[in-house]
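What follows is the residue order along each chain.
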Amino acid sequence: MSIRHAPYEEAADFTIGLKAIEESAWLEGGEADPAARKDPLYAAHRDVVWGEVPGSQAGQREVLAMIEAALGEAIALEGRPPLYAAARRTPDDLVLVERRDGAWRVAALSLSAPTFFTVSDVLDRSLGQIHDPVHGFNDRFLKRVERIFEGLRPGLVLQRRNWSVVNSAEPFTPDSAPIRARIPAIRPEQAADELFVRVERQTLRRLPQTGGALFTIRVWLHPLGDLADDPPRLAAFARAWREAAPAFRAYKRLPLYDELVTRFLRAHGESHSVNGN
Ligand code: HEM
């Protein structure tokens with residue numbers, strides 16, 4: 001399958017990177033039955049994948065209406081909270097962000113494909129609290145991101161994408177530790193199949209009635225080896241791998257994969273390693 005998103009073509013550092021897209025391009029779809037993936041997680045690990053604060057029902061109902069409008073179908077609640085009823089009909093995770101107590105805070109979310117975090121890490125937290133672990137975020141980006149949340153025009157759809165490399169094909173990864181513990185067992189010749197480029201495609205839009213914002217997260221994963229079939233992307237990835245900013249590399253734990261990725265790139269004609277070896 002061709003590679004859908006290649007954000008390493010654009011950035012190898014932290015970036016806000018929000019760009020306007022057509023409203024018709026908002027949700028990408030492409031998963032036959034998201035509920036079949038999400039419902040078992042909701043049943044088995046409810047507190048990890050689902051959360052809501054009191055008073056978020058109106059915003060949740062507006063999220064549901066927005067998803068119904070985008071899909072062109074009505075969604076029955078069948079006893080579920082409105083935001084979860086919506087989330088199980090789209091591959092994306094859904095995050096309702098509302099202004100409360102003077103800050104933009106996560107008011108409800110369905111999080112079935114977390115990249116190393118859980119609902120309790122973000123529920124009721126402000127944008128500043130959530131991004132505290134991200135090197136430089138609060139100094140460099142927070143004010144601008146808050147202004148974006150304030151000024152979002154109804155109908156405007158913003159998109160950003162990020163990328164990393166992980167040794168797991170599983171979308172549901174609340175915890176990095178068991179995954180990273182398996183890295184030493186990966187042999188260089190397995191890197192093409194055992195390492196994955198993990199891209200999050202995120203969108204943001206205003207909820208005009210209730211005044212909140214809906215943030216969506218869609219995870220796309222493909223084996224590193226797929227890059228070998230797409231030489232321009234392989235070259236872009238190799239450049240990003242070599243040139244990634246030190247704080248970005250450290251935050252994403254890319255050094256853990258340096259040897260495996262460098263050998264993969266060399267085997268495919270991309271010969272400069274990150275250390276110039
Ligand atoms: C649209 C505005 C936002 C921007 C520009 C933004 C930007 C970022 C950036 C630059 C990072 C570092 C990794 C990366 O490159 O993506 C990050 C990480 C993260 N973001 Fe956001 N973000 C936004 C909204 C949100 C929202 C609404 C949530 C709520 C779930 C969220 C949750 C996270 C989490 C959990 C991390 C990882 C933090 C950690 O390492 O513990 N972000 N974000």
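Nothing here was measured: the structure is a model prediction, and the numbers come from that model.

### Quick notes on the overall build of the protein chain
Reasoning step 1: Assigned secondary structure in the protein chain consists of 13 helices and 7 strands.
Reasoning step 2: Taken over C-alpha atoms, the radius of gyration comes to 19 Å for the protein chain, in line with the 19 Å a tight globule of 277 residues would show.
Reasoning step 3: Structurally, the protein chain occupies a C-alpha span of about 55 × 40 × 35 Å along its principal axes.
Reasoning step 4: Burial analysis of the protein chain (277 residues in total) assigns 50% to the buried set.

### Some words on the pattern of salt bridges
Reasoning step 1: Following the criterion strictly, the structure yields 17 salt bridges and no others.
Reasoning step 2: Its salt-bridge partner being D258, residue R249 comes within 2.6 Å of it at the nearest N-O pair.
Reasoning step 3: With a relative accessible area of 10%, R249 lands in the buried category.
Reasoning step 4: Between E259 and R263 there is a salt bridge; the shortest N-O distance is 3.6 Å. You can see E259 and its partner R263 sitting in helix α13 (residues 258-267), 4 residues apart, about one turn around the helix.
Reasoning step 5: The exposed category is assigned to E259, whose relative accessible area is 55%.
Reasoning step 6: The partly exposed category is assigned to R263, whose relative accessible area is 41%.
Reasoning step 7: Residues joined in a network through salt bridges with shared partners are R4, E28 and R201.

### Some points on the environment of L214
Reasoning step 1: Note on placement: L214 falls in strand β7 (residues 213-223).
Reasoning step 2: Residue L214 is classed as buried on the basis of its relative accessible area of 0%.
Reasoning step 3: For the pair L214 and A107, spaced 107 residues apart in the sequence, the C-alpha separation amounts to 10 Å.
Reasoning step 4: In contact with L214, not counting residues within four places along its chain, are W26, V63, M66, L94, V95, T203, L204, R205 and L207.

### Considerations on the site of the ligand
Reasoning step 1: Within the structure, the ligand sits among 19 residues, and H131, P133, R160, N162 and Y251 are positioned closest to it.
Reasoning step 2: Take N162: an N or O atom from its side chain is 2.7 Å from an oxygen atom of the ligand.
Reasoning step 3: One of the side-chain nitrogen or oxygen atoms of Y251 is found 2.4 Å away from an oxygen atom of the ligand.
Reasoning step 4: When contributions to the shell around the ligand are tallied by element, the ones reaching two or more residues are α8 (142-151) and β5 (157-166).

### Points about the pairing of strand β4 (residues 103-110)
Reasoning step 1: For β4, the tally of buried residues reaches 8 of 8 residues, placing the bulk of the element in the interior.
Reasoning step 2: Note: strand β2 (residues 50-52) against β4, 3 bridges, orientation antiparallel. Among the inter-strand pairings, G51 is bridged to a residue of β4, identified as L109.
Reasoning step 3: Examined bridge by bridge, strand β3 (residues 93-100) and β4 share 7 bridges and lie antiparallel to one another. The residue of β4 that forms the bridge with E98 is R105.
Reasoning step 4: The loop that links β3 with its antiparallel partner β4 comprises 2 residues; one of these, D101, has a positive phi angle of about 45 degrees.

What counts as what
- Residues numbered from 1 in each chain as written.
- Predicted model: local features only at pLDDT ≥ 70, side-chain atom pairs only at ≥ 80, totals over all residues.
- Heavy atoms only, no water.
- Helix = DSSP H or I, 4+ residues; strand = E, 2+ residues; numbered from the N terminus.
- Rg over C-alpha atoms; globule rule 2.2 N^0.38 Å.
- Buried < 20%, exposed > 50% of the residue type's maximum accessible area, 1.4 Å probe, protein only.
- Salt bridge = Lys/Arg side-chain N within 4 Å of Asp/Glu carboxyl O.
- Contact = heavy atoms within 4.5 Å.
- Near = heavy atom within 4 Å.
- Polar contact = N/O pair within 3.5 Å; in protein donor to acceptor, adjacent residues only side chain to side chain.
- Pairing = 2+ DSSP bridges.

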